[in-house]
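Below are the chains, spelled out letter by letter.
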Amino acid sequence: MLAGGLSASSASASAPVYYGFAPTDCTVDNLNSLGTGNNSFIEAAIRVDAASDPLVADLKGKKVTGVRCFLRSDYKQKSKGFSCIKIYTDGLESTPVTKNVNFLAGWNEVLFDTPIEIGDKPLYVSYQVFETQGNPFPLAAYKNAALPADMCYIRAAKGNWEEYGHRGAIAMEAIVDADSSIADGHVIASPFDIPLAVVPGKEFNCSMYVHNQGATPIESIRYECLDGSGSAVGAATLEFDAPVGAYCSTVANVKLTAPDTEGSGIPLAVSTVEINGKQAKDCMKSSVSLYISADVFNRIPLVEEFTGITCTNCPFMFYYLDKALEEFGAPHVYVSHHAGYQNDKLTQPCDEALLYLFGPRSSFNPAAMYDRRVAIGDNSPIQGAKEPSTEPYLARLNNIMEYPALAKVLVDSNIDENKATCTVHGKIGKAAMDFKDELYLTVYLIENDIPNIKYPQLGLLPVPEGAPEDLLERFRHTGVIRHDFCGGSNGTPLTVNADGTYSVDFALDKIDSDWTLDNCEIVAFVHKVNTEDMTDNYVLNAGATRYNDFAESSVKSVVADSDLRIFVRGDGQICCSDPLARLDVYTLAGIRCDAATRLPAGLYIVRATDATGHSAAKRVLIR
């Protein structure tokens, strides 16, 4: 049954209970490799604690008979004691009960010589190997998991133990000599990917890791949201597309309800109360900490691409990302960084300063990041191009739009042939005030729609066979940074007033004659910077001159203070109910268009202003 099968028969005639936090059937494709890459001991442990998990309380008096764990390679070092299973009965720093064993690659089941009884004190079940540089990263964790705190641990080089559950679930289980029916009715529902800020008393979107702790498949659960006092503030039913099998797991998109209290660090617990329509047993509660604030602004996402003129694959990523942004249809800020693989004549120092965001991996392009957020199961906010489709980019865009904005970013600017000036102003939300001293402001002057003929792009000379028919027609250099107003390696520290407001002036006294000013704009964003922790880099919100009109209200519907109506005639001409009104038309990339001409198919942002100054704005689609 197991790739590294070392198991003996359980003392119980019935199937045992497998207690852990990763799915029993997880495959190599769903596992992260863990280790240091050095010659040293590496050990993983899970906590078996009646005080933390009601299932363990039900198992008191039963005995842990062994360990089931996953190894990436053979580790046959039994004689030296390098490879072994352990159980700590008096804390992780105590002397454990140990059994030496030769591990095989894959899943292993190993039994202790003497089973250990589960009582009131927590047990820590572990396995250990000696990692070598020639055979690094031996341990594994199920990467699509987020667990309640203090359930999984890693210790390297016999140093200090570190909690691991927020990055995955260690691929191991305690084998318990008990009838498997005891575990039925127990489910762990652990929320993660929580928005930075949520509205008091309202539902918000997040992800949830659901682990079936029993042997009976589950088709649905009902969970409750509990505030700090244990009172229910909301509940919902989650039905699974396919049953979650014995000791298996899944991830689902769910809605939770926030407590009706503003502040930071507000606790919210989630507990399963029904399984398959029937009352569940007492289940483990998973807690999260929320920033709850009524200051939730309209989100303007920041999309940043890593590209280069000498990158032959970059035109393909640009093509599908550009189409995805068009299909996305909402205001956004787009910036291209000419760095990541090979610098070119458009590379700026601020482009190179961002290379730390690639993490330990080698830099590469084409690649993109979205609000500098790290995707679930990844270690860097930067994602490479994976397939010739808009779907991966739309998925990431839709994901980041689930996060409420924590700042309002407005840009007032003036650009002419002599100089460029701007004032970036706005407000950070109440939730962000807790880390206001860690915020940075970045402001760029960028140029859009630079023709390929001006900076010839490799990968288009000639257009490769099998490329989209309109690749050459669609490709352009856009979002190109011409000037970094902040002049720092990663923005300038942001100073805010007591109420969270800020205002900063910038100026550029020399405009390059090579720039096409009609295609230039100033973009800005407020963000966190942490060069040591990829997950602590993210954008609170962005803004640009072309989006100020929409900073405080969504453009998904008409924004108007008059009866003006904007529509598209059958011949594709954009019109207004007031024929004398002025029409300002922009592409989603922020390029002004001639409203009097027949425009190409696509999405446009249109503002109509009548003689009295009243206006209306709308997105329109020309087919």
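Refer to the structure presented above.
What you see is a predicted model, and the numbers here were worked out from it, not measured in a lab. (Residues numbered from 1 in each chain as written. Predicted model: local features only at pLDDT ≥ 70, side-chain atom pairs only at ≥ 80, totals over all residues. Heavy atoms only, no water.)

Participant: Which residues make up the sheet that holds strand 1 (residues 17-20), and what are the values?
Facilitator: A sheet is described by the order of its strands in space; here four strands give the open sequence 1-13-4-7, paired in antiparallel fashion. Pairing within the sheet leaves two strands with one partner each, and these edge strands are strand 1 and strand 7 (106-117). Strand-to-strand twist across the sheet, computed as the mean angle between neighbouring axes with direction ignored, equals 25°. Pairing analysis gives six bridges linking strand 4 (residues 63-71) to strand 13 (residues 172-177), with the strands arranged antiparallel. Within the sheet, the bridge partner assigned to cysteine 69 lies in strand 13 and is methionine 172. (Pairing = 2+ DSSP bridges. Helix = DSSP H or I, 4+ residues; strand = E, 2+ residues; numbered from the N terminus. Axes fitted to C-alpha atoms, helices over the stretch in contact; angles between N-to-C directions.)

Participant: Please give an account of the sheet that holds strand 26 (residues 407-415) that cites residues and values.
Facilitator: Judged by pairing direction, the sheet is antiparallel, and its three strands sit side by side in the order 26-27-31 without closing on themselves. One side of each edge strand has no neighbouring strand; the edge strands of this open sheet are strand 26 and strand 31 (501-508). Each strand axis lies, on average, 15° off the axis of its neighbour in the sheet, ignoring direction. Pairing geometry for strand 26 and strand 27 (residues 420-428), over nine bridges, is antiparallel.

Participant: Any chance you could break down the packing of aromatic side chains for me, citing the residues and the numbers?
Facilitator: One pass over the structure, following the stated rule, counts 18 aromatic pairs. Between phenylalanine 41 and phenylalanine 82, the aromatic rings sit 5.4 Å apart at their centres with planes inclined by 85°, giving edge-to-face as the arrangement. Here the residue phenylalanine 41 occupies a position in strand 3 (residues 40-48), and phenylalanine 82 occupies one in the loop between strand 4 and strand 5 (84-88), the gap between them amounting to 41 residues. Note on phenylalanine 41: relative accessible area 16%, which makes it buried. (Phe/Tyr/Trp six-rings, centres within 6.5 Å; stacked < 30°, edge-to-face > 60°. Buried < 20%, exposed > 50% of the residue type's maximum accessible area, 1.4 Å probe, protein only.)

Participant: Give a description of the environment of arginine 474 that names residues and reports values.
Facilitator: For arginine 474, the position within the fold is in helix 5 (residues 471-474). Through-space distance from the C-alpha of arginine 474 to that of leucine 517 is 21 Å; in sequence the pair is 43 residues apart.

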